[in-house]
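Here is what each chain is made of, one letter per residue.
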Amino acid sequence: RPRPTGIDPARAGDSLNPLFDKIDDLSGGMLRDAALDIFNAAGVSTKDKAMAAYLVATGFSKLSDQSQTCAWARRAVTLESSSRSYNALQQSTCGS
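### What to know about the overall build of the protein
And then number 1: The helix and strand inventory of the protein stands at 5 helices and 0 strands.
And then number 2: Along the protein, helices and strands appear, N-terminal first, in the series α-α-α-α-α.
And then number 3: A compact globule built from 96 residues would reach a C-alpha radius of gyration of about 12 Å, and the protein, at 12 Å, matches this within 12%.
And then number 4: In terms of its C-alpha atoms, the protein occupies a principal-axis envelope of roughly 35 × 25 × 25 Å.
And then number 5: Taken across its 96 residues, the protein has 42% of its residues classed as buried.
And then number 6: In the form shown here, the protein has an accessible surface area of approximately 5500 Å², with 47% of it arising from carbon and sulfur atoms.

### A word on the packing of aromatic side chains
And then number 1: As enumerated under the stated definition, the model contains 3 aromatic pairs in all.
And then number 2: Between the aromatic rings of Tyr-54 and Tyr-86, the centroid separation amounts to 5.0 Å while the plane-to-plane angle is 35°, which identifies the pairing as tilted. Of this pair, Tyr-54 sits in helix H3 (residues 46-62) while Tyr-86 is found in helix H5 (residues 84-94), placing the two residues 32 residues apart along the sequence.
And then number 3: Through successive ring pairs, a cluster of aromatic residues spans Phe-20, Tyr-54 and Tyr-86.
And then number 4: The residue whose ring lies beneath Lys-49 is Phe-39, and the NZ or CZ to ring-centre distance is 4.5 Å.
And then number 5: For the cation-ring pair, Arg-75 lies above Trp-72, with the distance from its terminal atom to the ring centre recorded as 4.1 Å.

### Quick notes on helix H1 (residues 12-21)
Side chains of residues three or four places apart in an α-helix project in the same direction, reflecting 3.6 residues per turn.
And then number 1: All buried positions along H1 are accounted for by Ala-12, Gly-13, Leu-16 and Leu-19. Buried positions in H1, seen along its axis, are confined to an arc of 120° and lie on one side of it.
And then number 2: Buried residues in H1 make contact with helix H2 (28-40) and H3.

Criteria and thresholds
Each chain carries its own residue numbering, running from 1 in the written order of its sequence. Whole-chain, interface and lining totals are the exception, using all residues; otherwise, since this is a predicted model, local features are given only for residues with pLDDT of at least 70 and side-chain atom pairs are given and counted only at 80 or more. With hydrogens and water excluded, all non-hydrogen atoms of the structure serve as input to the side-chain values. Runs of H or I in DSSP of at least four residues are treated as helices and runs of E of at least two as strands, each being numbered from the N terminus. Using C-alpha atoms as the atom set, the radius of gyration is obtained and then compared with a globule rule of 2.2 Å times the number of residues to the power 0.38. Note on exposure labels: buried denotes an accessible area under 20% of the residue type's maximum, exposed denotes more than 50%, and partly exposed covers the range between, all computed with a 1.4 Å probe on protein chains only. Each accessible area is a Shrake-Rupley result for a 1.4 Å probe, and residues are judged covered by the shown protein chains and nothing else. Stacked, tilted and edge-to-face pairs are distinguished by plane angle, under 30 degrees for stacked and over 60 for edge-to-face with tilted covering the rest, among Phe, Tyr and Trp rings (Trp via its six-membered ring) whose centres lie within 6.5 Å. We call a charge positioned over a ring when the NZ of a Lys or the CZ of an Arg lies within 6 Å of the ring centre and within 35 degrees of the ring normal. Throughout, the arc means the angular range of directions from the helix axis out to the C-beta atoms. Contact between two residues is taken to exist if any of their heavy atoms lie within 4.5 Å; hydrogens are not considered.

Bear in mind that shape data such as this cannot, by itself, settle questions of function.
Put into structure tokens, the structure is as follows:
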């Protein structure tokens, strides 16, 4: 049984949108940790998981951790390959 995170999977987008809106203001660690909580919550939709992965990648990017940024950007693209933002981040950090 997944441990409770206090995140309602049906409202994950409501948690992700404010993070996205504050992407430039949040520290890398804060952004990464908040997005990881949502990514790891049971029952979160694929689309919300993709955005959470993108935000985790962005958090790692702010921390200058290129290998983790690349890994999480790839995860976001795998979950939602149609997103231009996710693809752009993957291309800029992974080189492909």
